[in-house]
Amino acid sequence: MEQQQEKQESLTLEQAFAELDAVVERLESRDISLEESFQVYQTGMKLLKECSSKIDRVEKEMLQLDENGELSEF
């Protein structure tokens, strides 16, 4: 479990979105068991949480021009 979390944290945002697409495809499959769908869903939710965290981090690091034309973090 810990290894999977480390893998998720090392993924780029684009890679995580690609994995989320694969999760959605698997969940939409007609040949998935109920048990497997719960596991796939859990994986997807963890990926989604990691994506959200990465996006928040990037937003905080972005620079914004203030009214004086100077860069400042927000």
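Residues numbered from 1 in each chain as written. Predicted model: local features only at pLDDT ≥ 70, side-chain atom pairs only at ≥ 80, totals over all residues. Heavy atoms only, no water.

Engineer: How do you make sense of the overall build of the protein chain when you look at a structure like this?
Structural biologist: Assigned secondary structure in the protein chain consists of 3 helices and 2 strands. Shown N-terminal to C-terminal, the secondary structure of the protein chain runs as helices and strands in the order α-α-α-β-β. For the protein chain, buried positions account for 18% of its 74 residues. In the protein chain, of all internal contacts separated by at least 6 residues, the share reaching a separation of at least 24 is 50%. (Helix = DSSP H or I, 4+ residues; strand = E, 2+ residues; numbered from the N terminus. Buried < 20%, exposed > 50% of the residue type's maximum accessible area, 1.4 Å probe, protein only. Contact = heavy atoms within 4.5 Å.)

Engineer: Can you walk me through helix H3 (residues 34–61) in this structure?
Structural biologist: The α-helix winds at 3.6 residues per turn, so residues separated by three or four positions along the chain end up facing the same way. Here H3 contains 28 residues, and its C-alpha end-to-end distance of 41 Å stays within 8% of the 40 Å for a straight helix at 1.5 Å per residue. Among all positions in H3, only Ser-37, Val-40, Gly-44, Leu-47, Glu-50, Cys-51 and Lys-54 are buried. (Expected span 1.5 Å × (residues − 1).)

Engineer: Which parts of the structure should I look at to understand the confidence of the model for the protein chain?
Structural biologist: Should pLDDT be low for a region, the predicted coordinates there are not to be read in detail. For the protein chain, per-residue confidence averages 83 on the pLDDT scale, and 73% of positions sit at 70 or higher. Of all secondary-structure elements in the protein chain, the lowest mean pLDDT belongs to helix H1 (residues 2–10), at 56, while helix H2 (residues 13–28) reaches the highest, 95. (pLDDT = per-residue confidence, 0-100.)

Engineer: Could you clarify how one ought to interpret H2 in this entry?
Structural biologist: With 16 residues, H2 should reach 22 Å at 1.5 Å per residue; the first-to-last C-alpha distance of 23 Å fits that figure. Looking only at H2, the buried set comprises Ala-16, Leu-20 and Val-23. In a view along the axis of H2, the buried residues occupy a sector of 55°, so they form one face of it. For H2, exposure combined with an orientation more than 90 degrees from the buried face picks out Glu-14, Glu-25 and Glu-28. (Arc of directions from axis to C-beta.)

Engineer: Is there a simple way to think about the packing of H2 against H3 in this case?
Structural biologist: Orientation of H2 relative to H3, taken along the N-to-C sense of each, is 155°, at an axis distance of 9 Å. Here H2 lies roughly antiparallel to H3, going by the angle between them. The way H2 lies across H3 gives a crossing that is left-handed. Contact residues: H2 offers Leu-13, Ala-16, Phe-17, Glu-19, Leu-20, Val-23, Arg-26 and Leu-27, while H3 offers Glu-36, Ser-37, Val-40, Tyr-41, Gly-44, Leu-47, Leu-48, Cys-51, Lys-54 and Ile-55. Broken down by class, the residue content of the contact of H2 with H3 amounts to 12 nonpolar, 2 polar and 4 charged. (Axes fitted to C-alpha atoms, helices over the stretch in contact; angles between N-to-C directions. Parallel < 35°, antiparallel > 145°, perpendicular 65-115°, else oblique. Left-handed = near helix turned anticlockwise from the far one by under 90°. Nonpolar A, V, L, I, M, F, W, Y, C, P; charged D, E, K, R; others polar.)

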